[in-house]
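Now for the letters of each chain:
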Amino acid sequence: MKIVAVTACPTGIAHTYMAADILNKTAHQMGIKIQVETQGAMGIEHFLTAKNIACADIVLIASDIEVEQRARFTGSRIHCVTIEEVLVDATAVIERCQQLCQ
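Residues numbered from 1 in each chain as written. Predicted model: local features only at pLDDT ≥ 70, side-chain atom pairs only at ≥ 80, totals over all residues. Heavy atoms only, no water.

- If you check an unreviewed UniProt entry, the protein appears there as protein-N(pi)-phosphohistidine--D-fructose phosphotransferase from Photobacterium carnosum.
- We quote the UniProt Catalytic activity (unreviewed entry) comment for the protein here in full: "D-fructose(out) + N(pros)-phospho-L-histidyl-[protein] = D-fructose 1-phosphate(in) + L-histidyl-[protein]". (UniProt positions renumbered as here; feature names shortened; annotations may be inferred.)

Encoded structure:
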C-alpha cells in the first residue's frame, strides 16, 4: 500500500511537522509506504507531484485548514482527518486508510 499525505495546521508551525513525523514513523512501523507533504510556515515542503499522487492508493489530508493546491488530488481516493486525530492515534488513521482501499 502507498499513501501520500498532506499535513497543515492553522499556524503552520509545530503540529504540521509533528503530524508529518508521526505519520512517517507509524507507516514505516506498519510496513506501509508514505510520502508526506507539509504545508506550514515555510510554505509547501516535500511537494507531491502528479506522479506521486497517481501512484498512491489513497491521499490522506490531515489538516485543520484548507490545503493549498487541493485540485491536484481530484480523481484520487481521499481521506480527510484532523491534525489532532493523527497526533492522538496515527495507527488508527492509517488503518482507516487501509480499510478504504479494500
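## Some points on the UniProt feature "domain: PTS EIIB type-2" (unreviewed entry) in the protein
Piece 1. Annotation from UniProt places "domain: PTS EIIB type-2" (unreviewed entry) at residues 1–99.
Piece 2. Helix makes up 40% of residues 1–99 and strand 28%, and the two end C-alpha atoms of the span are 11 Å apart. (Helix = DSSP H or I, 4+ residues; strand = E, 2+ residues; numbered from the N terminus.)

## Comments concerning the pattern of salt bridges
Piece 1. Counted according to the given criterion, the structure contains three salt bridges.
Piece 2. Of the charged contacts in the structure, one is a salt bridge between Asp21 and Lys25, with a shortest N-O distance of 3.3 Å. Here Lys25 and Asp21 lie together in helix H1 (residues 14–30), a separation of four residues that amounts to about one turn.
Piece 3. Across the salt bridge formed by Glu85 and Arg96, the nearest N and O atoms sit 2.9 Å from each other.
Piece 4. Taking the relative accessible area as the measure of exposure, Glu85 reaches 31% and is therefore partly exposed. (Salt bridge = Lys/Arg side-chain N within 4 Å of Asp/Glu carboxyl O. Buried < 20%, exposed > 50% of the residue type's maximum accessible area, 1.4 Å probe, protein only.)

## Describing helix H3 (residues 83–100)
Piece 1. End to end, H3 covers just 19 Å across 18 residues, shorter than the expected 26 Å (1.5 Å per residue, more than 12% under).
Piece 2. The set of residues buried in H3 consists of Ile83, Val86, Ala90, Val93, Ile94 and Cys97.
Piece 3. Against strand S1 (2–8), H1, strand S4 (58–63) and strand S5 (78–81) lie the buried residues of H3. (Expected span 1.5 Å × (residues − 1). Contact = heavy atoms within 4.5 Å.)

## Some details on the nonpolar core
Piece 1. Among the nonpolar cores identified, the biggest contains 20 residues, and Ile3, Leu23, Ile34, Leu60 and Val86 are the most heavily contacted of them.
Piece 2. Listing elements by their share of this core, those giving two or more residues are S1, H1, strand S2 (33–40), S4 and H3.
Piece 3. No other element matches the six residues that H3 contributes to this core.
Piece 4. Ignoring sequence-local partners within four residues, the contact set of Leu60 consists of Ile3, Val4, Ala5, Val6, Leu23, His79, Val81, Val93 and Cys97.
Piece 5. Core analysis: the next-biggest nonpolar cluster, separate from the first, contains 10 residues, Val4, Val6, Ala8 and Ile53 among them. (Core = buried A, V, L, I, M, F, W, Y, C linked by side-chain atoms within 4.5 Å.)

## Concerning the sheet that holds S4
Either a parallel or an antiparallel arrangement is found when strands of a sheet pair, and the pairing is made through backbone hydrogen bonds.
Piece 1. The strand order across the open sheet built from five strands is S3-S2-S1-S4-S5, with neighbouring strands paired in mixed fashion. At either end of the open sheet lies a strand with only one pairing partner, and these are strand S3 (43–45) and S5. Recorded for the sheet is a direction-independent mean angle of 15° between the axes of neighbouring strands.
Piece 2. Summarising the sheet, S1 and S2 pair through six bridges and their orientation is parallel. Note on S2: the bridge partner recorded for Ala5 is Val36.
Piece 3. Each of S1, S2, S3 and S4 touches H1; the most contacted strand, S2, lies at about 180° to it. (Pairing = 2+ DSSP bridges. Axes fitted to C-alpha atoms, helices over the stretch in contact; angles between N-to-C directions.)

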